[in-house]
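Per-entry structural report
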Amino acid sequence: MAGDVRHFLDISDFSKAELRQVLDRSQAMKAARKGQPKGMVDQGAPLKGRALAMIFQQPSTRTRVSFEVAMRQLGGEVLVISANDMQLGRGETIADTARVLSRYVDAIMIRAKRHDHLMELAEHATIPVINGLTNKSHPCQVMADVMTFEEHRGQVDKHAIAWVGDGNNVATSWIHAMTRLGGELRLGCPSELPPDAQAVDWARAHGGKVKVTTSAEEAVKDAACVIADVWVSMHDTDAAARHNMLKPYQVNQTLMRQARPDALFMHCLPAHRGEEVTAEVMDGPQSVVFDEAENRLHIQKSILLRCLGAE
Ligand code: CP
Ligand code: NVA
């Protein structure tokens, strides 16, 4: 990876102090904009003259719109490109794509089908590359999730958080985040769909309080937050088998009652009511899912400022 380029590839790449700086700045920027029209540029237009290219190999609503609005609020320019419309889709290498885009724009955000594509892009780009979700991780999402939890309940290091369902890409970023920031993470996943073993090993080697169980009830017991995600992620192909394996892991009122009475419910969205979560929980008083969605915008701005060196 090019030496001092400030990529944002995975939460595990950062120290607790660096993550806290990103989180604290996003809270401050959110507070400073409260009540202002969303199209208004922030004071000082800190990224004026900078351009971000966004490449999508998979669909997106939140990541696409929040990054685009974030860049505009910071005074910068943004280009959105579907990977299918690029020569990348016809066999141009990722390395050459990285070299070419580095001559046109100041940063790249990519939603990649494969994590190794993200890493290859970062290796050959001379500008910052941001991970907008891969099959392995979703760091920008989990930074927004941590921000959301902390807005409601204070710093995560004093709490136990439960992940229920597939041990997927978002779960991996939660493992990274809780290990770096402190606090306990319990993952209740079916034995066929465990969290990424490399992430769990990394967490244990770095003092993370990460517990893996196959029992959803054990994971959520007295937890301050219960998190669910879709049963079938964008890169998954075995939808029918996953539905069968994950049915017992639905987050419903019975499961929520095992957590603390004031437990939050989180979900990165898109959600499937009646599958991984019931409508009652998703739309109930404990749910903060739309705060999470909003916070994608605020955390994106803080991540962009970190990557583009406008400290
Ligand atoms: N949560 C999330 O990343 O949503 P999108 O797929 O809509 O970007
Ligand atoms: N785990 C989901 C997250 C979507 C934002 C997926 O990868 O499809």
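Our subject in this report is the structure included herewith.

1. Observations concerning the nonpolar core
Of all hydrophobic cores here, the largest spans 58 residues; its most connected members are Leu52, Ile130, Ile161, Trp174 and Leu304. Those residues in contact with Leu52, other than ones at most four positions away along the chain, are Phe67, Met71, Glu77, Val78, Leu79, Ala107, Ile108, Met109 and Leu304. In this structure, Ile81, Ala98, Val105 and Leu121 belong to the second largest nonpolar core, which totals 21 residues.

2. A short note on the sheet that holds strand 7 (residues 209-213)
Within the open sheet, the five strands sit side by side as 7-6-5-8-9. Their pairing is parallel. Only two strands of the sheet have a single partner each, and these edge strands are strand 7 and strand 9 (264-267). In this sheet, neighbouring strand axes are inclined to one another by 20° on average, regardless of whether the strands run parallel or antiparallel. As judged from the four bridges shared by strand 5 (residues 160-164) and strand 8 (residues 225-228), these two strands associate in the parallel manner.

3. Topic: the site of ligand 2
Neighbouring ligand 2 are the residues Leu133, Asn168, Asn169, Asp229, Val230, Ser233, Met234, Cys268 and Leu269. With respect to ligand 2, the side chain of Asp229 contributes an N or O atom lying 2.7 Å from a nitrogen atom. A distance of 2.7 Å is found between a nitrogen atom of ligand 2 and a side-chain nitrogen or oxygen belonging to Ser233. Expressed as a share of its isolated accessible area of 270 Å², the protein-covered part of ligand 2 is 94%. Taken atom by atom, the bulk of ligand 2 overlaps the second largest pocket. Across the shell around ligand 2, the residue classes break down as five nonpolar, three polar and one charged.

4. Overview of unusual backbone geometry
The amide bond that connects Leu269 to the next residue, Pro270, takes the cis arrangement and shows omega of 5°. The residue Pro270 is located in the loop between strand 9 and helix 11 (279-282) in this model. Backbone geometry at Ala45 places phi at a positive 35°, although glycine is not the residue there. Tracing the backbone through its elements, the reader meets Ala45 in the loop between helix 1 (16-33) and strand 1 (51-56). With a relative accessible area of 17%, Ala45 lands in the buried category. As for its placement among the helices and strands, Leu269 is situated in the loop between strand 9 and helix 11. Overall, the relative accessible area of 9% leaves Leu269 in the buried class.

About the cut-offs
- Residues numbered from 1 in each chain as written.
- Chains lettered and ligands numbered in written order.
- Predicted model: local features only at pLDDT ≥ 70, side-chain atom pairs only at ≥ 80, totals over all residues.
- Heavy atoms only, no water.
- Core = buried A, V, L, I, M, F, W, Y, C linked by side-chain atoms within 4.5 Å.
- Buried < 20%, exposed > 50% of the residue type's maximum accessible area, 1.4 Å probe, protein only.
- Contact = heavy atoms within 4.5 Å.
- Pairing = 2+ DSSP bridges.
- Helix = DSSP H or I, 4+ residues; strand = E, 2+ residues; numbered from the N terminus.
- Axes fitted to C-alpha atoms, helices over the stretch in contact; angles between N-to-C directions.
- Near = heavy atom within 4 Å.
- Polar contact = N/O pair within 3.5 Å; in protein donor to acceptor, adjacent residues only side chain to side chain.
- Areas by Shrake-Rupley, 256 points an atom, 1.4 Å probe, with all protein chains shown as cover.
- 1 Å grid on protein atoms, 1.4 Å probe; cavity = no way out; pocket = protein on both sides within 12 Å on 5 of 7 lines; lining within 4 Å.
- Sits in = over half its atoms within 2 Å of the grid points.
- Nonpolar A, V, L, I, M, F, W, Y, C, P; charged D, E, K, R; others polar.

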